[in-house]
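Structure at a glance
Now for the letters of each chain:
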Amino acid sequence: MIEIIRTLLNEWEERILPKVIDREIDLYNYVDVKPRKIIVITGFRRTGKTYLIFHIVQKLLKEVNKSQAIYINFEDERIPLKTELLTNLLPAIKQAYNNVEFLFLDEVHNIPEWSKWLRRIYDNEKIRIFITGSSSKMSSKEIPTELRGRFLEIKVLPLSFKEYLAFKGINANLKAIDYSENEKAKMIRAFNEFLELGGMPEVVLADEDKKLEIIHNYYNTVIRRDIIERFKVRNEESLKALLGLLLNSTSYSISKLYNTLKSLNFEVGKGTIQSYLSYIENSYFLYSLTLFSYKIKDQLQYPRKIYFIDNGFITALSSKFSKNLGRLYENLIFLELKRRQAKDLKQELFYWRNQQKEEVDFVVKDSLKVKQLIQACYDIKDYDTKKREVKALLKASKELKCRNLLIISEDKEGAEKVGNKKIKYVPLWKYLSQGL
């Protein structure tokens, strides 16, 4: 054990850190947070958590040396997944360096008893600790009891559209965009690629002919490592069939999934389906949105809407033969709302539906009050489509007592008064790039 740790430490000292592109999240702001907390960085695999750590280290190296800021990746195949390694870790580090100030631990939850070890280090040392995890068991909802009150969670999603523009080196002049056809055309081209292929950092920077291959590789890794291996799933074919159904659906209920799988000759019970769904959400690959209702019974009975961590997965993995732009628009809006929710923990997201099956895509609730109602509609120019979307929005507005009404579409912008209500329209690319 000690020799493995020494090898990792030597490699860290010799490692040349990669160039890091700035993101909207700057973890350096949490270096001296008071009171002292364990900083837990959670999110889907390959969204850039490790590079955010490298960014902190690069800034810290202006003040300290590498022996004071130690990084260890616990997905290194040489590391035995045994508690004994953690027990020996800090003594081995102190034996090599006597002034360690920061520990950066990637995917440490792979080691048994990791949370108890972390609690002991936190209580007995003054070291600043940053950890990452691609499992929701490290999230604020599921973090082990021994760490409650001692950690601060930072959620990392794929690149936002603003970050995407920075990664692509696109310097769009947002102030001039309404007056310059060239600037607007440049923005729209970038947005269309982002809409279809998403914001996974490696995919964004990859050559065009490699993007879909990388997305497929991510998907296979998540299925194998974050679901099948982590949760010891035995019926792999049923799990993959379930994922296939979800990727080609916009909502689900357990009963409907059960009946569909049964018709396809997959013998899997409702309880198992529920477990599989929790495993998939646990990996951050999928999110589900519940119906807005003050009755818990209604939230449980109605179907849940489905959203994925990145649009690239919908494009690459759904079996539809044409682009479903409406679905891609709605998924992108959901991810943007999740980013905004991470900055304001009082916010909750739901969808609204009445007995007539009229629907509003997003209900943004702030504490006890509904803050905003949002419709996602790719093509609002069609008369019947617009009539349907506006009608549902007005009914939800009356029922939920919310006057902040927004329709996000491809290109319509402005505001319209309908009765005594005002509906605002904004193109999705502008909603994402200007934070409207």
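Residue positions within a chain follow its written sequence, with the count starting from 1. Only residues with pLDDT of 70 or above have their local features reported here, since the model is predicted, and side-chain atom pairs are shown and tallied only from 80 upward, although totals for entire chains, interfaces and linings are computed over all residues. Based on all heavy atoms of the structure, the side-chain values leave hydrogens and waters out of the count.

Another point: the pattern of salt bridges. Salt bridge criterion: a side-chain nitrogen from Lys or Arg within 4 Å of a carboxyl oxygen from Asp or Glu. One pass over the full model with this rule turns up 34 salt bridges. Between R353 and E359 there is a salt bridge, and its shortest N-O distance comes to 2.7 Å. Take R353: its relative accessible area is 23%, and that puts it in the partly exposed class. What you see here is one network of salt bridges that share partners, running through R45, E75, R225, D226 and R230. The cut-offs for exposure are 20% and 50% of the maximum accessible area for each residue type, with area from a 1.4 Å probe on protein chains only; residues under the lower value are buried, those over the upper are exposed, and the others partly exposed.

This paragraph deals with helix α8 (residues 211–231). Helix length check: α8, at 21 residues, gives a terminal C-alpha distance of 29 Å against a target of 30 Å (1.5 Å per residue), a fit within 8%. Looking only at α8, the buried set comprises K211, I214, I215, Y218, Y219, V222, I223, D226, I227, I228 and R230. Runs of H or I in DSSP of at least four residues are treated as helices and runs of E of at least two as strands, each being numbered from the N terminus. Expected span of a helix, by definition, is 1.5 Å for each gap between consecutive residues, and there is one gap fewer than residues.

Right, let's get into the environment of G414. One can find G414 in strand β13 (residues 414–418). For G414, a relative accessible area of 34% corresponds to the partly exposed category. Counting along the chain gives ten residues from G414 to K424, while the straight-line C-alpha distance between them is 6.0 Å. In what follows, residue pairs with any heavy atoms lying within 4.5 Å of each other are defined as contacts. Ignoring sequence-local partners within four residues, the contact set of G414 consists of I423, K424 and Y425.

To continue, consider the confidence of the model for the chain. Any segment with low pLDDT has predicted coordinates that should not be analysed in fine detail. Residues at a pLDDT of 70 or more form 98% of the chain, whose mean pLDDT is 93. Every residue is assigned a pLDDT by the predictor, reflecting its confidence on a scale from 0 to 100. Taking the mean pLDDT of every element in the chain, the minimum, 79, falls on helix α12 (residues 296–301) and the maximum, 98, on strand β12 (residues 405–409).

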